[in-house]
Amino acid sequence: MNFDFTEEQKMIASAARDIAKDFPPEYWREKEENGEFAEEFFKAVSKAGFFGILIPEKYGGAGYGMQEMLVAMEELAANGCGAGGVWYFVLTEIFGALPIVRYGSAEQKEKYLPKIAKGELEFCMALTEPDAGTNTLKTKTFAKKDGDEYVINGNKIFISGVDRAKAMLLVARTTPYEQAPKRSLGITLFIVDLPNKAIKWNPIPKHAINFSKTCEVSINDLRVPESSILGMKDLGWYLLLDVLNPERMSAAAGAVGGAKLAIRKAVEYSKQRRVFVDPIGSYQGLQFPLAEAYAALECARMMMYKAAWLYDTKFKSKDVLDPSKRVEMAATFREIGDAANMAKVVAVENAIKAVYWAMQTFGGYGYAKEYDVERWWREVNLLRLAPVTQQMALNYIAEHILGMPRSYRI
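Residues numbered from 1 in each chain as written. Predicted model: local features only at pLDDT ≥ 70, side-chain atom pairs only at ≥ 80, totals over all residues. Heavy atoms only, no water.

### What about the overall build of the chain?
Within the chain one finds eleven helices and eight strands. In terms of overall size, the chain behaves like a compact globule, its C-alpha atoms giving a radius of gyration of 21 Å where 410 residues would be expected to give roughly 22 Å. Within the chain, buried positions represent 54% of all 410 residues. Within the chain, contacts between residues separated by at least 24 positions form 74% of all contacts whose residues are at least 6 apart in sequence. Taken as a whole, the chain presents about 18,500 Å² of accessible surface, with 54% of it coming from carbon and sulfur. Computing the positive centroid from 52 side-chain charges and the negative centroid from 51, the chain places the two 3 Å apart. (Helix = DSSP H or I, 4+ residues; strand = E, 2+ residues; numbered from the N terminus. Rg over C-alpha atoms; globule rule 2.2 N^0.38 Å. Buried < 20%, exposed > 50% of the residue type's maximum accessible area, 1.4 Å probe, protein only. Contact = heavy atoms within 4.5 Å. Areas by Shrake-Rupley, 256 points an atom, 1.4 Å probe, with all protein chains shown as cover. Lys, Arg positive; Asp, Glu negative; His and termini not counted. Charge placed at Lys NZ, Arg CZ, Asp CG, Glu CD.)

Shown next as structure tokens:
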């Protein structure tokens, strides 16, 4: 096993650190408080080619994989950007570029990938629904065939970036759940251009990450051509898994990077702050929890990169749509999912611990906005809930890795 970064990965890490210097915590604090999109940051990472990391050179990208994407995310988050160093990439690269690269038609690739690579086209994904929640197989949004078009109706919730996106990865049923020959069949992914008068959205006031709007979405008689289907009709669940695993890896990268940022700031403060004779950094009551969280974060980081390596090297997207490769594909999905879920669980739990003890290190100042720790606390707690709750990820580990009985019914 080789744990060294490649020269390309080292270059990406260095470039990310350089960008992060121009967008320190103070920048993100201002964007958060004003509810403003981080336009300057978006332009900087676009200019650096970061939105093309997952896109082949043929379409203006760098042709790298999830390993390189995670390097960029982690370094941006750890060096001042916090959640902002991950958020916009998930919306556009993980929800947009990645599935189009792997499953898009030639026309879809030509239409969307060059613009994504240049930072000219933002994406979003409409997956979660008010009733279905995590139970995606019970999605109620329905796409009905009408000639050479589909008419789509439904409601979505917690859809981030829809206010700015020029395209949406829309998850809908094309075969009713009750009529599907198999529970995992009957879901289809569509690429929908935005804005569209049939799609309405309203922002949801939220606790943090207000440099991006998160919205409730209503879809009323949306008409899209058959050519907007990504992959194949009724096989969208398998394609969706190929998006959700990288999303969980990205959550781990954000947790690791954001927690390291909080730890570093806490350590710097602890060396200077004296309440009695010695600096508070000498107190084992602060040393032990921060050290313990850091050690666990490093372990989660290794699992995160293992998941990305599996994703980049072992999984072949063409096998998803090949019935003869379905068993082999499922085994590979499982291996990637195992690593991604374990990385997410351990990274998030210990990021929460790290930021908690960073706030404790700052004492009363940790509650003050000017020190940013309270904002990182709000940001990291989102990862306890999304992209999958810690409890559902633990359910996955218990059932699929430990072989325990399923704890819920679909």
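### Here's the deal with the nonpolar core
Of all hydrophobic cores here, the largest spans 114 residues; its most connected members are Phe41, Phe50, Met66, Leu76 and Tyr88. Element by element, the count of residues in this core is highest for helix H7 (residues 236–272), at 18 residues. What methionine 66 contacts, discounting residues up to four positions off in sequence, is Leu54, Ile94, Leu98, Pro246, Met249, Ser250, Ala308, Tyr311 and Asp312. Grouped together as the second largest cluster of nonpolar side chains are 22 residues, Cys124, Ile159, Phe190 and Val224 included. (Core = buried A, V, L, I, M, F, W, Y, C linked by side-chain atoms within 4.5 Å.)

### Examining the pairing of strand S2 (residues 142–146)
By the bridge criterion, five bridges tie S2 to strand S3 (residues 149–160) in an arrangement that is antiparallel. Bridge pairing in S3 places lysine 144 opposite valine 151. (Pairing = 2+ DSSP bridges.)

### A closer look at the environment of valine 320
Note on placement: valine 320 falls in the loop between helix H8 (284–313) and helix H9 (326–362). Sequence separation between valine 320 and alanine 330 is ten residues, and the spatial gap between their C-alpha atoms is 8.7 Å. Filtering out sequence-adjacent residues up to four positions away, valine 320 remains in contact with Tyr103, Tyr238, Leu239, Phe315, Arg326, Met329 and Phe333.

### Considerations on a nonpolar patch on the surface
There is a patch of nonpolar side chains on the surface, built from Val275, Phe276, Val277 and Tyr283 and spanning about 440 Å² of accessible area. Here phenylalanine 276 falls in the exposed class, since its relative accessible area comes to 65%. (Patch = residues over 30% accessible without salt bridge, like charges linked within 9 Å, V, L, I, M, F, W, Y side chains within 5 Å. Salt bridge = Lys/Arg side-chain N within 4 Å of Asp/Glu carboxyl O.)

### Regarding the environment of serine 212
Its place among the elements puts serine 212 in the loop between strand S6 (199–203) and strand S7 (214–225). Separated by 128 residues in sequence, serine 212 and glycine 84 place their C-alpha atoms 9.2 Å apart. Apart from the residues within four sequence positions on either side, serine 212 is in contact with Trp87, Tyr88, Leu91, Ser160, Gly161 and Lys206. Here the side chain of serine 212 touches tryptophan 87 through a polar contact of 2.8 Å, side chain to side chain. (Polar contact = N/O pair within 3.5 Å; in protein donor to acceptor, adjacent residues only side chain to side chain.)

### Details of the packing of helix H2 (residues 25–34) against helix H10 (residues 373–382)
Between H2 and H10, the shortest axis-to-axis distance is 11 Å and the interhelical angle comes to 65 degrees. When the interaxial angle is binned, H2 and H10 end up roughly perpendicular. Here H2 and H10 pass one another in a crossing that is left-handed. Where H2 approaches H10, its residues Pro25, Trp28, Arg29 and Glu32 are matched on the opposing element by Arg375, Trp376 and Arg378. (Axes fitted to C-alpha atoms, helices over the stretch in contact; angles between N-to-C directions. Parallel < 35°, antiparallel > 145°, perpendicular 65-115°, else oblique. Left-handed = near helix turned anticlockwise from the far one by under 90°.)

### A look at the pattern of salt bridges
Scanning all chains against the criterion turns up 28 salt bridges. We note a salt bridge from lysine 31 to glutamate 40, for which the minimum N-O separation is 3.3 Å. Accessibility expressed as a relative area gives 7% for lysine 31, which makes it buried. The exposure class of glutamate 40 is partly exposed, given its relative accessible area of 41%.

### Some remarks on the packing of helix H4 (residues 66–81) against H8
Relative orientation of the contacting elements H4 and H8 amounts to 145 degrees, with a least axis distance of 8 Å. Taken together, the residues of H8 that come into contact with H4 (itself represented by Met66, Gln67, Glu68, Leu70, Val71 and Glu74) are Arg301, Met304, Tyr305, Ala308, Trp309, Tyr311 and Asp312. By residue class, the composition of the contact of H4 with H8 is eight nonpolar, one polar and four charged. (Nonpolar A, V, L, I, M, F, W, Y, C, P; charged D, E, K, R; others polar.)

### With respect to the pairing of strand S4 (residues 167–173)
In terms of residue burial, S4 counts as a mostly covered element, since seven of its seven residues are buried. Residues of S4 alternate between two faces, with Ala167, Leu169, Val171 and Arg173 on one and Met168, Leu170 and Ala172 on the opposite face, all of them buried. For strand S1 (residues 123–126) and S4, the ladder comprises four bridges, and the chain directions are parallel. Each residue of the ladder has a partner; that of cysteine 124, found in S4, is methionine 168. Where S4 and strand S5 (residues 187–193) come together, seven bridges link them in antiparallel fashion. Looking across to S5, one finds that arginine 173 is bridged to isoleucine 187.

### Some words on the packing of aromatic side chains
The tally for this structure, following the rule as stated, stands at 23 aromatic pairs. With a centroid separation of 6.0 Å and an interplanar angle of 75 degrees, the aromatic rings of tyrosine 112 and phenylalanine 123 are classed as edge-to-face. Of the two residues, tyrosine 112 is situated in helix H6 (residues 106–117) and phenylalanine 123 in strand S1; the sequence distance between them amounts to eleven residues. Of the two residues examined, tyrosine 112 and phenylalanine 123, each falls in the buried class. Within the aromatic cluster, the residues linked to one another by ring pairs are Phe23, Tyr27, Trp28, Phe37, Phe41, Phe42, Phe50, Phe51, Tyr88, Phe89 and Phe211. A cation sits over an aromatic face here: lysine 145 above tyrosine 150, 5.7 Å from the ring centre. Over the ring of phenylalanine 37 we find arginine 164, and its NZ or CZ is 3.4 Å from the ring centre. (Phe/Tyr/Trp six-rings, centres within 6.5 Å; stacked < 30°, edge-to-face > 60°. Lys NZ or Arg CZ within 6 Å of the ring centre and 35° of its normal.)

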